[in-house]
Structures are given as structure tokens and as C-alpha cells.
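Working through the structure, step by step
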Amino acid sequence: MMRHPFEPGRLISGLTALALGTAYGLDALGRWRSPGPWLFLALPAGLLLSGVTAALWTTLRRRTRPADAADTT
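In this report, we go over the structure that sits alongside the text. (Residues numbered from 1 in each chain as written. Predicted model: local features only at pLDDT ≥ 70, side-chain atom pairs only at ≥ 80, totals over all residues. Heavy atoms only, no water.)

1. Focus on the packing of aromatic side chains
Taken as a whole and assessed by the stated rule, the structure comprises two aromatic pairs. With a centroid separation of 5.8 Å and an interplanar angle of 90°, the aromatic rings of Phe6 and Trp57 are classed as edge-to-face. In this pair, Phe6 sits in the segment before helix 1 (8-29) while Trp57 sits in helix 2 (residues 36-64), placing the two residues 51 residues apart along the sequence. By relative accessible area, Trp57 is classed as partly exposed at 29%. Taking the centre distance of 6.0 Å and the plane angle of 90° together, the rings of Trp32 and Trp38 count as edge-to-face. (Phe/Tyr/Trp six-rings, centres within 6.5 Å; stacked < 30°, edge-to-face > 60°. Helix = DSSP H or I, 4+ residues; strand = E, 2+ residues; numbered from the N terminus. Buried < 20%, exposed > 50% of the residue type's maximum accessible area, 1.4 Å probe, protein only.)

See below:
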């Protein structure tokens, strides 16, 4: 089986979605009272962090890639 490359931007967006889903679920069950604006601001903040991380990761990978792999056309 081929291994997929590690993508930290997708990891961060997945963890953000998991955390928000858990927070909404716990709030719906009445086990945790979430502050209203926090949940609305967490999604854009998580997506922004994910985008910045993905851009930085792509830049880092391009700079550290060997010269042989760059000319594979």
C-alpha cells in the first residue's frame, strides 16, 4: 500500500472539525454550556490556522526537496 504524504493543514482542519462537533454535541446534551461566540469564531480561526500551516508546509517542502525530484517531467 502506498503511503500518503503528511499534510499538517488537513490535520489541523480535521481536529478543528472534531473539536467543534464535540462541543456542539456536548452542548446539545446539556453536559457542557458553551460560550456562544466561541463556537462561531473557532471555525474561521481553525480554517485560517489550517491555511497558514498548509502554505508554510508547502513552502518548506519546496525548499528542502532534492534537485532530482524537481525535474521529473
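So much for the structure itself; the text now carries on.
2. What to know about the pattern of salt bridges
Under the defined criterion, the tally for this structure stands at two salt bridges. Notably, a salt bridge pairs Arg10 with Glu7, separated by 3.0 Å at the nearest N-O pair. Residue Arg33 is joined to Asp27 by a salt bridge in which the shortest nitrogen-to-oxygen separation is 3.7 Å. (Salt bridge = Lys/Arg side-chain N within 4 Å of Asp/Glu carboxyl O.)

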